[in-house]
Amino acid sequence: MSGLRGARTCPGPGEASDLKSPLGAKFREPLTETRFQQLFGDAEQEPELLAEPRWSRLWRRRARACSGPGAWRLLLARLPPLRWLPHYRWRAWLLGDAVAGLTVGIVHVPQGMAFALLTSVPPVFGLYTSFFPVLIYTLLGTGRHLSTGTFAVLSLMTGSAVERLVPEPLSGNLSAVEREQLDAQRVGAAAAVAFGSGALMLGMFALQLGVLATFLSEPVVKALTSGAALHVLVSQLPSLLGVPLPRQIGCFALFKTLAAVLTALPRSSPAELTISALSLALLVPVKELNARFRDRLPTPIPGEVAMVLLASVLCYASSLDTRYNVQIVGLLPRGFPQPLLPSLAELPRILADSLPMALVTFAVSASLASIYADKYSYTIDSNQELLAHGVSNLVSSLFSCFPNSATLATTSLLVDAGGNTQLAGLFSCVVVLSVLLWLGPLFHYLPKAVLACINISSMRQMFFQMRELPQLWRISRVDFAVWTVTWVAVVALRVDLGLAVGVLFSLMTVVCRTQRVQCLALGLAEGTELYRPLRESRKLLQVPGLCILSYPAPLYFGTRGQFRRILEWHLGLGEGGKEAPKTDGPPGAVAEPVRVAVLDCSGVTFADAAGAREVVQLASRCRDAGIHLLLAQCNASVRGTLTQAGLLDRVTPEQLFVSVQDAAAHALERLELSGPKTCTVWV
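What counts as what
- Residues numbered from 1 in each chain as written.
- Predicted model: local features only at pLDDT ≥ 70, side-chain atom pairs only at ≥ 80, totals over all residues.
- Heavy atoms only, no water.
- Axes fitted to C-alpha atoms, helices over the stretch in contact; angles between N-to-C directions.
- Helix = DSSP H or I, 4+ residues; strand = E, 2+ residues; numbered from the N terminus.
- Parallel < 35°, antiparallel > 145°, perpendicular 65-115°, else oblique.
- Left-handed = near helix turned anticlockwise from the far one by under 90°.
- Contact = heavy atoms within 4.5 Å.
- Nonpolar A, V, L, I, M, F, W, Y, C, P; charged D, E, K, R; others polar.
- Core = buried A, V, L, I, M, F, W, Y, C linked by side-chain atoms within 4.5 Å.
- Buried < 20%, exposed > 50% of the residue type's maximum accessible area, 1.4 Å probe, protein only.
- Salt bridge = Lys/Arg side-chain N within 4 Å of Asp/Glu carboxyl O.
- Pairing = 2+ DSSP bridges.
- Phe/Tyr/Trp six-rings, centres within 6.5 Å; stacked < 30°, edge-to-face > 60°.
- UniProt positions renumbered as here; feature names shortened; annotations may be inferred.
- Patch = residues over 30% accessible without salt bridge, like charges linked within 9 Å, V, L, I, M, F, W, Y side chains within 5 Å.
- Areas by Shrake-Rupley, 256 points an atom, 1.4 Å probe, with all protein chains shown as cover.

Caption draft 1: Structural context of the packing of helix 8 (residues 132–140) against helix 20 (residues 424–439). Contact geometry for helix 8 and helix 20: axes closest at 9 Å, N-to-C directions at 160°. Taken as axis vectors, helix 8 and helix 20 run roughly antiparallel relative to one another. The crossing of helix 8 and helix 20 is left-handed. On helix 20, the residues touching Val 134, Leu 135 and Thr 138 of helix 8 are Gly 425, Leu 426 and Cys 429. Taken together, the residues of the contact of helix 8 with helix 20 sort by class into 4 nonpolar, 2 polar and no charged.

What follows is the structure, encoded as structure tokens:
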């Protein structure tokens, strides 16, 4: 090994070193962390930064924000239209935004009323929820292609909370006045849930917790929406069949509803069953045509609007509501409700419901915004999205709206119709506003069975997410397991409990994968400076007496035991003293006692107190066993944790190196394989 490529004699005491010209130098001495900081670190400013208290730095940052330019930057960050509106391409984008906004607004009308039934409130409150949140997000949101409003999953979760907070009397036969009072109480409960959800999101924004969206992985979100779609389908069966059944809540509600529907099937209404069959026969093919010919159609076919108008006309002309007792929407009050603060006494009871709704709102909205931001090459601010949806839910709750978020169906519709910016939301609001002010009486005779069919047909995209499972199985079995566990939990339990199970299981898979990590012994590829795992090739060189190990996992309390066992196995450190070390080389290779060990810490992203103490104990055991331990490529966080744990009491700063190559070169010197005054470096 003395003829190792790149070796030369180190400069003597009177010779000039070429370390000051690293770009033009071909050879250098191995660099420790201390030497690297002396040569390339900012030694003068770093002590000053460390000496300055944290509160002082925060104060200076706040003082800059309170200045004139700082206040303008803050205003630009919190009101996105001030950034994109001056650069708006009026000729190129206005027509697309207008067409897309009007198209989405037309869909918002029947869909909002339909999702209001899921929430257990009168249909008009779905129109309110399709107006106020859209208007607020247009002013505060950063997703240019995002469409907000009523969302089936949130409506289902809100409906379960409302039914639990304000249950329907067991008698079931309510007078008009009693029904009106019950609806008012349920509207107040739904608004209180929206208020609590918005307040929680604003709290998350104040704490800058936009990063929490990363804990809701894509398999969890897709399984959640797919499982909730099945809940929506089953919950709409009584309306499809014309069977008045109390809504089931709690765990196993889906199966309870199915059992109740099967029991009440002989009492189904032939008229409403016929309306449901004809509605689905129109809506499902139109959905398929829109999906199959989305690139050829100038705008999607408004099947929902056609179905709503056709059903209203037929019901009015045939007097289905009086002759066959078909349930209709009834009178839609004109205008807006007066602002009313939700009952604060209800907040402690609804916080347990508001938290999962806030997480679902942010997760679905942030993931949808990110998908289209990546597709159209712009960026979103996750914390600003928290602010936008928090204000949207909080303010709209004052106008008796229920929880809202971005929606999959209308966002896809907005993009397909040619939407370019948030300005499309204003055109959508114009359509809903016209219905609230003038066109509401046209929907008086709309059968509720048609709204149930709209709910079911709008779940098409969520159901079809199951087609991705074979591909997910091929890509990652772990993600497939996360999807399956989440879906089963959502279907069998409740949507919020299924979300909790999915998140916990997803995090547990991450923890379990850190437990199963393999520590790799590295060898040198001859003629290069590359160190690769020995098991990858038998042509890699393994220097006798030198053990180079790479540990590619965080070092914390959950992995400290595994870390200890792996290092003992490789270095031959047993309970009763030094044992024969193991080797990853050829089966017949004879392992020699380890004299120098190099631990590559580039894969150790962080270390806690327990993990740091384990490294310190390893250093002590190596010193007692006569093994010279070298640590390579520790990041600043890990290095600081190890130092605070007392590592430098066991090793010297000269045993911490900037790279595996530098540590290996020093190890070769110590093993006297490259001469007493040579150092190994690479071009």
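We are not done yet, so read on.
Caption draft 2: Quick peek at the nonpolar core. Within the largest apolar cluster, 103 residues are counted, with the highest numbers of intra-cluster contacts made by Met 113, Leu 127, Val 153, Val 360, Leu 446 and Val 495. With 13 residues, the single largest contributor to this core is helix 17 (residues 347–375). Ignoring sequence-local partners within four residues, the contact set of Leu 446 consists of Met 113, Val 308, Ala 311, Ser 312, Gln 327, Ile 328, Val 329 and Leu 451. With 37 residues, the next largest nonpolar core counts Phe 563, Leu 573, Val 615 and Leu 642 among its residues.

Caption draft 3: Structural view of the pattern of salt bridges. Taken as a whole and judged by the stated rule, the model has 12 salt bridges. Between Lys 222 and Glu 468 there is a salt bridge, with the nearest N and O atoms lying 2.8 Å from each other. Taken together, the positions of Lys 222 in helix 11 (residues 218–235) and Glu 468 in the loop between helix 22 (460–463) and helix 23 (469–475) put the pair 246 residues apart, joining distant regions of the chain. Overlapping salt bridges bring together Glu 218, Lys 222 and Glu 468 as one network.

Caption draft 4: Focus on the sheet that holds strand 6 (residues 546–550). One open sheet holds the 6 strands; their spatial order is 5-4-6-9-10-11, and the pairing between them is mixed. Each edge of the sheet is formed by a strand with only one pairing partner; in this case those strands are strand 5 (531–533) and strand 11 (656–657). Strand direction decides the pairing type here: strand 6 and strand 9 (residues 596–600), joined by 5 bridges, are parallel. If you follow Ser 550 over to strand 9, its bridge partner there is Asp 600.

Caption draft 5: Region of the structure containing the packing of aromatic side chains. Across all of its chains, the model carries 15 aromatic pairs by this definition. Seen in terms of ring centroids, Tyr 88 and Trp 93 are 5.6 Å apart; in terms of plane orientation they differ by 80°. Their pairing is edge-to-face. Ring centres of Trp 473 and Phe 480 lie 5.0 Å apart, and the angle between their planes is 80°; on these two criteria the pair is classed as edge-to-face. Take Trp 473: its relative accessible area is 39%, and that puts it in the partly exposed class.

Caption draft 6: Structural view of the side chain of Ser 400. With respect to the helices and strands, the residue Ser 400 is situated in the loop between helix 18 (382–397) and strand 3 (405–406). When near neighbours in sequence (up to four residues on either side) are disregarded, Ser 400 contacts Phe 125, Val 187, Ala 191 and Pro 337.

Caption draft 7: Structural view of the environment of Gly 227. Looking at the secondary structure, you find Gly 227 in helix 11. Judged by relative accessible area, Gly 227 falls into the buried class, the value being 0%. Along the primary structure Gly 227 and Trp 487 are separated by 260 residues, whereas in three dimensions their C-alpha atoms are 5.3 Å apart. For Gly 227, the contacting residues outside a window of four places in its chain are Trp 487, Val 490 and Val 491.

Caption draft 8: Examining the pairing of strand 6 more closely. Among the 5 residues that make up strand 6, 5 are buried, leaving the element largely enclosed by the rest of the structure. Of the two faces of strand 6, the one holding Leu 546, Ile 548 and Ser 550 and the one holding Cys 547 and Leu 549 are both buried throughout. Pairing geometry for strand 4 (residues 520–524) and strand 6, over 3 bridges, is antiparallel. Residue Leu 522 lies in a different strand from strand 6, and its bridge partner there is Ile 548.

Caption draft 9: Structural detail: the UniProt feature "transmembrane region" (unreviewed entry) in the chain. Under the UniProt annotation, "transmembrane region" (unreviewed entry) lies at residues 90–109, 116–140, 187–211, 354–373, 421–439 and 480–508. The span residues 116–140 carries 72% helix and 0% strand; its end-to-end C-alpha distance comes to 25 Å. Taken end to end, residues 354–373 is 100% helix and 0% strand, and its first and last C-alpha atoms sit 28 Å apart.

Caption draft 10: Representation of a nonpolar patch on the surface within the structure. Where nonpolar side chains cluster on the molecular surface, the patch consists of Trp 72, Leu 75, Leu 79 and Leu 82 and spans about 350 Å² of accessible area. Here Trp 72 shows up in helix 4 (residues 68–78).

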